Amino acid sequence: MRSIIDIQDLTIEEIQALIMTACDIIRDPNKYSSACRGKKLATLFFEPSTRTRLSFEAAMYELGGYVLSVSSGSSSSAAKGESVADTARVISCYADIIAMRHPKEGAAYVAAQNATVPIINAGDGGHSHPTQTLADLLTIHLEKGGFGDLTVGLCGDLKFGRTVHSLIKAMSRYPGVKFVLISPEELKLPSYIKKDVLKKNDVPYEQTTDLAEAIPQLDILYMTRVQKERFFNEEDYLRLKDSYILDPKKLEAAKKDLCIMHPLPRVNEISVAVDRDPRACYFKQVLYGKYIRMALILMLLEEAGACV
Ligand code: CP
């Protein structure tokens, strides 16, 4: 049974096919309105979410299917001590496909080992968030026309930011991509990603603490939130939370066709005045996330022989 735990579970060709399906859905949504008729998606979210859970659910409804939802650990038998493995086996009895978010790294992998239906990792701790990356890639495809020859600035919490980790893994596979890693010293990209992804694939990158200095060279600026929930002490969080605030003044030095992205939710790291800038793409990212999740649900259910 095929599950998607990490963006590297998808080949470049499969990602391209998903993007093409998502673009076709955008062009002609009616063509897909019964594609998953009678099928059920379970969303199991043991960590808060607005976009990922609701976009998965909207995606399944727009494919003509049904949704079963657990929106918090405290409202399920996880609160009584049920394991992720048992939960996955049990929900497999009710649903044809499961999207799961969990605060522990590796939880989606454990679920996939025990489920009898496809598992989609909707975020596991600080590890991976492959469907956010698919939304990011669809956004970059639509805004930039492709993935090669781009200088991508990643700014904020690069240590715990699972969306950043997944995006680096995905974009390192395309030629001509360079990364500019912008973070405080304490929130630098983990060395295992530098070693196993960037250095292993000879992907050029530079590290800096200075957003203003980095901005002029960027084609994409991917801002991220400093995540309170990943810190062990509040003092460190308070010291680092406003390290970077993107505002119209800083953007004066940016390219005219810069694509400003953010997985959201934002707190302070992008000033609301930036929302009016035509280069702001983060709300488009939200919408594209629904279409690419429709494409992924379709692909996995078709592979499992469960879809018309
Ligand atoms: N981008 C993202 O994962 O948002 P949510 O936490 O709201 O799902």
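Residues numbered from 1 in each chain as written. Predicted model: local features only at pLDDT ≥ 70, side-chain atom pairs only at ≥ 80, totals over all residues. Heavy atoms only, no water.

K.L.:
Sorry if this is basic, but what is going on with the sheet that holds strand β3 (residues 97-102) here?
P.N.:
The strands making up a sheet associate through backbone hydrogen bonding, with each pair oriented either parallel or antiparallel. Judged by pairing direction, the sheet is parallel, and its four strands sit side by side in the order β2-β1-β3-β4 without closing on themselves. The sheet is open, and its two edges are formed by β2 (66-70) and β4 (119-124), each paired on a single side. For this sheet, the mean angle separating the axes of adjacent strands, direction not counted, is 15°. Relative to β4, β3 runs parallel, the two sharing four bridges. The residue bridging Met-100 from the neighbouring strand is Asn-121, located in β4. Packed onto the sheet, helix α2 (residues 51-62) meets β1 (40-45), β2, β3 and β4 and runs at close to 175° relative to β1. Across the face of the sheet, helix α3 (residues 84-92) comes into contact with β1 and β3 while running at roughly 155° to β3. (Pairing = 2+ DSSP bridges. Helix = DSSP H or I, 4+ residues; strand = E, 2+ residues; numbered from the N terminus. Axes fitted to C-alpha atoms, helices over the stretch in contact; angles between N-to-C directions. Contact = heavy atoms within 4.5 Å.)

K.L.:
Just checking my understanding: could you explain the domain arrangement of the protein chain for this structure?
P.N.:
By convention, interface size is frequently given as the accessible area that disappears when the constituent parts associate. What the domain assignment lists for the protein chain is domain 1 (7-129 + 288-303) and domain 2 (130-285). Taking only C-alpha atoms, the centre of domain 1 and the centre of domain 2 are 25 Å apart. With 35 residues of domain 1 at the contact, the number on the domain 2 side is 28 residues. Summed over both sides, the interface between domain 1 and domain 2 buries roughly 2,700 Å², with carbon and sulfur atoms accounting for 61% of that surface. (Domains from an automatic or database assignment. Buried area = accessible area lost by both parts, 1.4 Å probe.)

K.L.:
Could you clarify how one ought to interpret the packing of α3 against helix α4 (residues 107-114) in this entry?
P.N.:
Axis separation between α3 and α4 bottoms out at 8 Å; the angle between their running directions is 50°. Classified by the angle between their axes, α3 and α4 sit oblique to one another. Considering only the axes of α3 and α4, their crossing is right-handed. Contact with α3, carried on its side by Val-84, Ala-85, Ala-88 and Arg-89, involves Ala-107, Val-110, Ala-111 and Asn-114 of α4 and no other residues of that element. (Parallel < 35°, antiparallel > 145°, perpendicular 65-115°, else oblique. Left-handed = near helix turned anticlockwise from the far one by under 90°.)

K.L.:
When you look at the sheet that holds strand β8 (residues 220-223) in this model, what are you seeing that I'm missing?
P.N.:
The strand order across the open sheet formed by five strands is β7-β6-β5-β8-β9, and the pairing between neighbours is parallel. Whereas interior strands pair on both sides, the edge strands pair on one side only; in this sheet they are β7 (205-208) and β9 (259-261). Sheet twist, expressed as the average angle between the axes of neighbouring strands with direction ignored, equals 15°. Relative to β8, strand β5 (residues 151-155) runs parallel, the two sharing four bridges. Looking across to β8, one finds that Gly-153 is bridged to Leu-221.

K.L.:
Help me understand the packing of aromatic side chains, please; the structure alone is not making it clear to me.
P.N.:
For any two aromatic rings, the description comes down to two numbers: the centre-to-centre distance and the angle of the planes. Using the criterion set out here, one finds two aromatic pairs in the structure. Ring centres 4.8 Å apart and planes at 45° place the aromatic pair Phe-147 and Tyr-174 in the tilted group. Of this pair, Phe-147 sits in the loop between α5 (130-144) and β5 while Tyr-174 sits in the loop between α6 (162-171) and β6 (178-182), and the two are 27 residues apart along the sequence. This pair shows no difference in class: Phe-147 is buried, exactly as Tyr-174 is. In this structure, Arg-293 packs its charged tip against the face of Phe-56, placed 5.2 Å from the ring centre. (Phe/Tyr/Trp six-rings, centres within 6.5 Å; stacked < 30°, edge-to-face > 60°. Buried < 20%, exposed > 50% of the residue type's maximum accessible area, 1.4 Å probe, protein only. Lys NZ or Arg CZ within 6 Å of the ring centre and 35° of its normal.)

K.L.:
What am I meant to see in the side chain of Arg-53 here?
P.N.:
Mapped onto the secondary structure, Arg-53 falls in helix α2. Exposure remark for Arg-53: the relative accessible area of 17% places this residue in the buried category. Ignoring sequence-local partners within four residues, the contact set of Arg-53 consists of Thr-43, Phe-45, Ser-69, Val-70 and Ser-71.

K.L.:
Help me understand the nonpolar core in this model?
P.N.:
When a protein is soluble and globular, its nonpolar side chains tend to lie buried together. Counting 64 residues, the largest nonpolar core has Leu-154, Ile-168, Met-171, Phe-179 and Ile-297 as its most contacted members. Looking at this core element by element, the count peaks at eleven residues for helix α11 (residues 282-303). If near-sequence neighbours (up to four positions away) are discounted, Phe-179 is found in contact with Val-152, Leu-154, Ile-168, Met-171, Ser-172, Leu-198, Val-203, Pro-204, Tyr-205 and Glu-206. Among the nonpolar cores identified, the runner-up in size contains 20 residues, and Val-180, Leu-246, Ile-260 and Ala-280 belong to it. (Core = buried A, V, L, I, M, F, W, Y, C linked by side-chain atoms within 4.5 Å.)

K.L.:
Hey, could you run me through the site of the ligand in this one?
P.N.:
The local shell around the ligand consists of Ser-49, Thr-50, Arg-51, Thr-52, Arg-101, His-129, Gln-132, Pro-263 and Leu-264. In the environment of the ligand, an oxygen atom lies 2.7 Å from a nitrogen or oxygen atom belonging to the side chain of Thr-52. At 3.0 Å, a backbone N or O of Leu-264 approaches a nitrogen atom of the ligand. Compared with its free state, where it exposes 250 Å², the ligand has 92% of that area covered by protein. Within the shell around the ligand, the residues separate by chemical class into two nonpolar, five polar and two charged. A domain split of the shell around the ligand shows at least three residues from each of domain 1 (7-129 + 288-303) and domain 2 (130-285). (Near = heavy atom within 4 Å. Polar contact = N/O pair within 3.5 Å; in protein donor to acceptor, adjacent residues only side chain to side chain. Areas by Shrake-Rupley, 256 points an atom, 1.4 Å probe, with all protein chains shown as cover. Nonpolar A, V, L, I, M, F, W, Y, C, P; charged D, E, K, R; others polar.)

K.L.:
Where do I start with α6 in this structure?
P.N.:
What sets the pattern is the α-helix's 3.6 residues per turn: residues three or four places apart point alike. Within α6, ten of the ten residues are buried, which leaves the element mostly enclosed by the surrounding structure. Buried within α6 are the following residues: Arg-162, Thr-163, Val-164, His-165, Ser-166, Leu-167, Ile-168, Lys-169, Ala-170 and Met-171.

K.L.:
It is not clear to me how the packing of helix α1 (residues 12-27) against α5 should be interpreted in this structure. Could you clarify?
P.N.:
For any two helices packed against each other, the geometry is given by the interaxial angle and the distance between the axes. Contact geometry of α1 with α5 gives a least axis separation of 10 Å together with a crossing angle of 70°. Classified by the interaxial angle, the pair formed by α1 and α5 is roughly perpendicular. Between α1 and α5, the residues in contact are Ile-15, Leu-18, Ile-19, Met-20, Ala-22, Cys-23 and Ile-26 and Leu-134, Leu-137, Leu-138, His-141 and Leu-142, respectively. The residue makeup of the contact of α1 with α5, split by class, is eleven nonpolar, one polar and no charged.

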